[in-house]
Amino acid sequence: MGKPANGLDDGISGSEVMKRMVQGMVGMAAVLLGGCASHTVSNGSKSETALPAKTGYEVLKGEIYTPDDWPVELVADVYKPEGAGDGPSYPAVLVVHGGGWTRRSPSDMDSIAKDLAKRGLVVSNVAYRFAPQHRFPTQLEELQQAMRWIVENHQTLGVDLDRIGAYGYSAGAHLVALLATVDRDDPLTPAWARELPKLKAVVAGGTPTDQRKRPNSQLVRGLLGAERDAALDTWTAASPIAR
């Protein structure tokens, strides 16, 4: 696998990004489950610990997560460990696909969602609207709506609201990084989102963290709707590293 095809890479090969994403997935599962993982320590040696054994899961396709007054219906595919909603609560992960904010679909993240569900996490693999037809912060607001839906349905889904994380790649990584770093009193947080739980863990691979360094990117200009120097505040607001 070569570099990501959406123009958002930071000089790291696509294969290396995906390797790190897999490592991050294991680590996040360990954090949210309260278990452990295999990781490489600073001297290069491996520390081996155990995650819970794999379990079965069920898939709820096309769950509408937007409210009735949202401009469009947006859906998520929800992966639930067997028994979720019937007893103990499980950690949850919001999974967000990449595609330069302009394309691709949740199906890109199906294998990740399945792997997380097998490890005992409830997974919401979400769709969102694309630029340039829909400018920032539309995509962030839709992730906030996805979080709101998880909260409102946590008993049915079997979700522990104190153990919610997010996992994204490329443009999806940008969005989950913002979701994690935007404060409750930030202008990017609507009033209805201010009481949502904060994410406890985030895996963000191939993340475009500073839009201001990409003044010539057609994708970023399409997302933000203006040239950098004409709308520096917007370009800064859309940069997780600036938070």
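For the structure itself, consult the block above.
Residues numbered from 1 in each chain as written. Predicted model: local features only at pLDDT ≥ 70, side-chain atom pairs only at ≥ 80, totals over all residues. Heavy atoms only, no water.

Draft legend 1. Seen up close, the packing of aromatic side chains. The tally for this structure, following the rule as stated, stands at three aromatic pairs. Between the aromatic rings of Trp70 and Trp192, the centroid separation amounts to 6.3 Å while the plane-to-plane angle is 85 degrees, which identifies the pairing as edge-to-face. Of this pair, Trp70 sits in the loop between strand E3 (57-64) and strand E4 (75-81) while Trp192 sits in the loop between helix H5 (171-181) and strand E8 (201-205), placing them 122 residues apart in sequence. We classify Trp192 as partly exposed; its relative accessible area is 29%. Where Tyr128 meets Phe130, the ring centres are 5.7 Å apart and the plane angle is 90 degrees; that geometry is what we call edge-to-face. By relative accessible area, which is 4% here, Tyr128 ends up buried. Of the residues examined, Phe130 reaches a relative accessible area of 22% and is grouped as partly exposed. (Phe/Tyr/Trp six-rings, centres within 6.5 Å; stacked < 30°, edge-to-face > 60°. Helix = DSSP H or I, 4+ residues; strand = E, 2+ residues; numbered from the N terminus. Buried < 20%, exposed > 50% of the residue type's maximum accessible area, 1.4 Å probe, protein only.)

Draft legend 2. Geometry of the packing of helix H3 (residues 138-152) against H5. Put simply, H3 and H5 touch, their axes get as near as 10 Å, and they point 65 degrees apart. For the element pair H3 / H5, the angle class is roughly perpendicular. Considering only the axes of H3 and H5, their crossing is right-handed. Taking contact as the criterion, the partners of Gln139, Leu140, Leu143, Gln144 and Met147 in H3 are, on H5, Leu175, Val176, Leu178 and Leu179. (Axes fitted to C-alpha atoms, helices over the stretch in contact; angles between N-to-C directions. Parallel < 35°, antiparallel > 145°, perpendicular 65-115°, else oblique. Left-handed = near helix turned anticlockwise from the far one by under 90°. Contact = heavy atoms within 4.5 Å.)

Draft legend 3. Seen up close, the nonpolar core. Counting 42 residues, the largest nonpolar core has Tyr65, Leu94, Val96, Val122, Val126 and Leu143 as the members making the most contacts within it. Elements represented by at least two residues in this core include exactly E4, strand E5 (90-96), strand E6 (122-126), H3, strand E7 (159-169), H5 and helix H6 (218-224). Counting 17 residues, the second-largest nonpolar core is a separate cluster that includes Met28, Val93, Val95 and Ala117. (Core = buried A, V, L, I, M, F, W, Y, C linked by side-chain atoms within 4.5 Å.)

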